[in-house]
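# Close look at the chain arrangement
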Amino acid sequence: MLTAHNLTKQYGDYTALNKLNLTIQAGEIFALLGQNGAGKTTTINCFLGFIQPSAGDAVIDGIMVAQNPTETKKHLAYIPETVMLYPNLSGVENLAFFSSLAGFNYSEQELENLLQKAGLQAIAHHNRVGGYSKGMRQKVGIAIAIAKKAKVLLLDEPTSGLDPKASNEFSEILKELSQNGTAILMATHDIFRAKEVAHRIGIMKEGNLVSVIDASSISANELEQLYLQTI
Ligand SMILES: Nc1ncnc2c1ncn2[C@@H]1O[C@H](COP(=O)(O)OP(=O)(O)OP(=O)(O)O)[C@@H](O)[C@H]1O
């Protein structure tokens, strides 16, 4: 569903991403760990089509991103660290707007159901998003991803700054999306969450994917040790 073939990004002489080879299957959650500047966001931005790779390819559902960015965006949902929404619109209105951009025209009841599914409490559905907490905005982001019926979900530090309960709820929703066949690539600094939610975990260092681990084969403590030895 999501493939990187020798994916490389250079800025002058500096290699931000070095020949990344990675395949993420439908229904798989892959977490990318690594220090600041390791190349996680660069990887995600190549799949989003935000940056052009210097060499290699990012491929989504068999389609090359660099050559077909509009087409591949239709299959994608993206949740950054802070989901950008219109503060003067309600959760329902934001969801209606962003899902309409993807070609979906939901009824108010359907929009409310989507927000409910994403874990946003009903009392907040018609309140202005400007008054939402960070976790509530992330949930609207999840609802947009569900509404778009995206085959691929890209997440860049989605749980950073969320309280443990909100972070746990977020992980549960990711698991549900993966059970429904969504391929998920998540950059994170949260080793514990990566272990809890992901099927496989990659550790990046200086633009290289240096280690890929099956999450079921390792404890959170062992993963932390491996991470510290690797970076
Ligand atoms: N436009 C740019 N010009 C030059 N260098 C850049 C540019 N964008 C990113 N880089 C460099 O590429 C490297 C990889 O950055 P990237 O944002 O992918 O790291 P990251 O792993 O996501 O880090 P963080 O955990 O801090 O988000 C960094 O050294 C960064 O300074």
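Residues numbered from 1 in each chain as written. Predicted model: local features only at pLDDT ≥ 70, side-chain atom pairs only at ≥ 80, totals over all residues.

## Some details on the packing of helix H4 (residues 108-117) against helix H5 (residues 134-147)
For the pair H4 and H5, interaxial distance at closest approach is 8 Å and the crossing angle is 120 degrees. For the element pair H4 / H5, the angle class is oblique. The two elements H4 and H5 meet at a crossing, and its hand is right-handed. The segment H4 lies against H5, with Leu114, Leu115 and Lys117 engaging Val140, Ala143, Ile146 and Ala147. Considered class by class, the residues forming the contact of H4 with H5 number six nonpolar, no polar and one charged. (Axes fitted to C-alpha atoms, helices over the stretch in contact; angles between N-to-C directions. Helix = DSSP H or I, 4+ residues; strand = E, 2+ residues; numbered from the N terminus. Parallel < 35°, antiparallel > 145°, perpendicular 65-115°, else oblique. Left-handed = near helix turned anticlockwise from the far one by under 90°. Contact = placed C-beta atoms within 7 Å. Nonpolar A, V, L, I, M, F, W, Y, C, P; charged D, E, K, R; others polar.)

## Remarks on the site of the ligand
Around the ligand sit Tyr11, Ala16, Gly34, Asn36, Gly37, Ala38, Gly39, Lys40, Thr41, Thr42 and Ala187, and that is every residue in its neighbourhood. Here the shell around the ligand is composed, by residue class, of four nonpolar, six polar and one charged. (Near = placed C-beta within 6 Å.)

## Quick look at the UniProt feature "domain: ABC transporter" (unreviewed entry) in the chain
UniProt's feature table lists "domain: ABC transporter" (unreviewed entry) at residues 2-231, given in the numbering used throughout. Here residues 2-231 runs as 36% helix and 27% strand, with 25 Å between its end C-alpha atoms. (UniProt positions renumbered as here; feature names shortened; annotations may be inferred.)

## Regarding the domain arrangement of the chain
Structurally, the chain comprises domain 1 (2-75 + 151-230) and domain 2 (86-150). For domain 1 and domain 2, the distance between their C-alpha centroids amounts to 25 Å. Contacts between the two partners involve 14 residues from domain 1 and, on the opposite side, nine residues from domain 2. The set of elements that each furnish at least two residues to the side of domain 1 that touches domain 2 consists of strand E7 (152-156) and helix H6 (164-179). Here the side of domain 1 that touches domain 2 takes four residues from H6, the largest share from any one element. For the side of domain 1 that touches domain 2, the class distribution of residues is seven nonpolar, three polar and four charged. (Domains from an automatic or database assignment.)

## So, the sheet that holds E7
Across the sheet, six strands lie side by side as E6-E7-E8-E3-E9-E10; this open sheet has mixed pairing. At either end of the open sheet lies a strand with only one pairing partner, and these are strand E6 (76-79) and strand E10 (208-214). Sheet twist, expressed as the average angle between the axes of neighbouring strands with direction ignored, equals 20 degrees. In this structure, strand E3 (residues 29-34) lies alongside strand E9 (residues 200-205), joined through five bridges in parallel fashion. Residue pairing for E9: Gly34 is matched across the bridge by Met204. (Pairing = 2+ DSSP bridges.)

## Quick word on helix H1 (residues 40-48)
Here H1 lies mainly inside the structure; nine of its nine residues are buried. Gly49 lies just past H1 and shows a positive phi near 80 degrees. (Buried ≥ 20, exposed ≤ 12 C-beta atoms within 10 Å, placed from the backbone.)

## Focus on the pairing of strand E4 (residues 55-60)
Where strand E1 (residues 2-11) meets E4, five bridges bridge the pair, whose relative direction is antiparallel. Across the sheet, residue Thr3 finds its bridge partner in E4, namely Val59. Relative to strand E5 (residues 63-64), E4 runs antiparallel, the two sharing two bridges. Considered in E5, the bridge of Ile60 is made with Ile63.

## As for the pairing of strand E2 (residues 14-24)
Bridging between E1 and E2 involves seven bridges; their strand directions are antiparallel. Its bridge partner being in E2, Tyr11 is matched across the sheet by Tyr14. Linkage of E1 to E2, two consecutive antiparallel strands, is achieved through a turn of two residues, within which Gly12 is found at a positive phi near 60 degrees.

## Here we look at the sheet that holds E5
Strand pairing in a sheet takes place through backbone hydrogen bonds and is either antiparallel or parallel in direction. In space, the four strands of this open sheet follow the order E2-E1-E4-E5, with antiparallel pairing throughout. Among the strands making up the open sheet, the edge pair consists of E2 and E5.

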